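If you want the building blocks of each chain, they are given just below.
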Amino acid sequence: MDTFLKRFLRASVTTVTGGIVIMLVLATGIFLSGTYLSGGFEQWQENLEWAAPGLFVWRLILYIGVAWFWHKTYQAHKALGNVDHLHSLRKIGQAGLVLALLVEASLLHKLLG
């Protein structure tokens, strides 16, 4: 049983689908526990609205960390002369930037209003 659990967890974490499933399970667990601990859905929403500025700062720090890691990876591939990887990394960086801007633009009205 122990080896089955280890193999299952290893396979789940190393595949994209497994990672997505784990993220969804964790998000659902956090939502349900937060709703239960705060006393209901309405109170959970109020707590999230109260914490919105702090969560925004947390996301900015996370974005900076991811951008730094991407930049270091890009520079390493550039130094090695991996032209094929540079093109792929540039596309990944552009897609990530657009996605982050779309997410933050959709949440900006909550932060300002």
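Our subject in this report is the structure included herewith. (Residues numbered from 1 in each chain as written. Predicted model: local features only at pLDDT ≥ 70, side-chain atom pairs only at ≥ 80, totals over all residues. Heavy atoms only, no water.)

Observations regarding the overall build of the protein
Convention followed: Elements are defined by DSSP. Helices are runs of H or I of four residues or more, strands are runs of E of two residues or more, and each kind is numbered from the N terminus. Throughout this description, buried means an accessible area under 20% of the type-specific maximum (1.4 Å probe, protein chains only), exposed means over 50%, and partly exposed covers the range between. Whether two residues are in contact is decided by their heavy atoms: any pair within 4.5 Å suffices.
Tallying secondary structure elements over the protein gives four helices and zero strands in all. The order of helices and strands in the protein, counted from the N terminus, is α-α-α-α. Out of the 113 residues in the protein, the part that is buried amounts to 12%. The long-range share in the protein, meaning contacts at least 24 apart out of those at least 6 apart in sequence, stands at 27%.

So, a nonpolar patch on the surface
Spelled out, the test is: Only residues above 30% relative accessible area that lack a salt bridge enter a patch, with like-charged residues linked at up to 9 Å and the nonpolar side chains Val, Leu, Ile, Met, Phe, Trp and Tyr linked at up to 5 Å. Computed with a 1.4 Å probe, the accessible areas rest on the Shrake-Rupley method; for each residue, only the protein chains presented here act as cover. Salt bridges are defined as contacts in which a side-chain nitrogen from Lys or Arg sits within 4 Å of a carboxyl oxygen from Asp or Glu.
On the surface, Phe31, Leu32 and Phe41 cluster together into a nonpolar patch covering about 280 Å² of accessible area. What makes Phe31 partly exposed here is its relative accessible area of 33%.

Describing the packing of aromatic side chains
Convention followed: When the centres of two rings from Phe, Tyr and Trp lie within 6.5 Å, Trp using its six-membered ring, the rings pair. Their planes under 30 degrees apart give stacked, over 60 give edge-to-face, and anything left gives tilted.
Following the criterion strictly, the structure yields three aromatic pairs and no others. Measuring from ring centre to ring centre gives 5.2 Å for Trp70 and Tyr74, while their planes differ by 20°; the resulting arrangement is stacked. With Trp70 and Tyr74 both in helix H3 (residues 41-80), this residue pair falls four residues apart, about one helical turn. On the basis of relative accessibility, which here comes to 12%, the residue Tyr74 falls in the buried class. Here the aromatic residues Phe31, Phe41 and Trp44 are joined through ring pairs into a cluster of three or more.

Some words on the side chain of Ser38
For clarity, the threshold we go by: Contacts described as polar in this section are N or O atom pairs within 3.5 Å, which, within protein, must combine one atom able to donate a hydrogen with one able to accept it, while residues neighboring in sequence count only if both atoms come from side chains.
Counting through the fold element by element, Ser38 comes out in helix H2 (residues 16-38). Relative accessible area serves as the criterion here: at 18%, Ser38 is assigned to the buried category. Among the polar contacts listed, one links the side chain of Ser38 to the backbone nitrogen of Trp44, at a separation of 3.4 Å. For Ser38, the contacting residues outside a window of four places in its chain are Gln43, Trp44 and Asn47.

Digging into H3
Put simply, the rule is: Bend at a given residue is defined as the angle between two axes, one fitted to the seven residues that end at that position and one fitted to the seven that begin there.
Helix geometry: H3 is bent most strongly at Ala52, by close to 55°, with proline Pro53 lying one to four residues after it. Taken together, the buried positions of H3 are Trp44, Arg59 and Tyr74. Of the residues flanking the end of H3, it is Gly81, one or two places downstream, whose phi is positive at about 80°.

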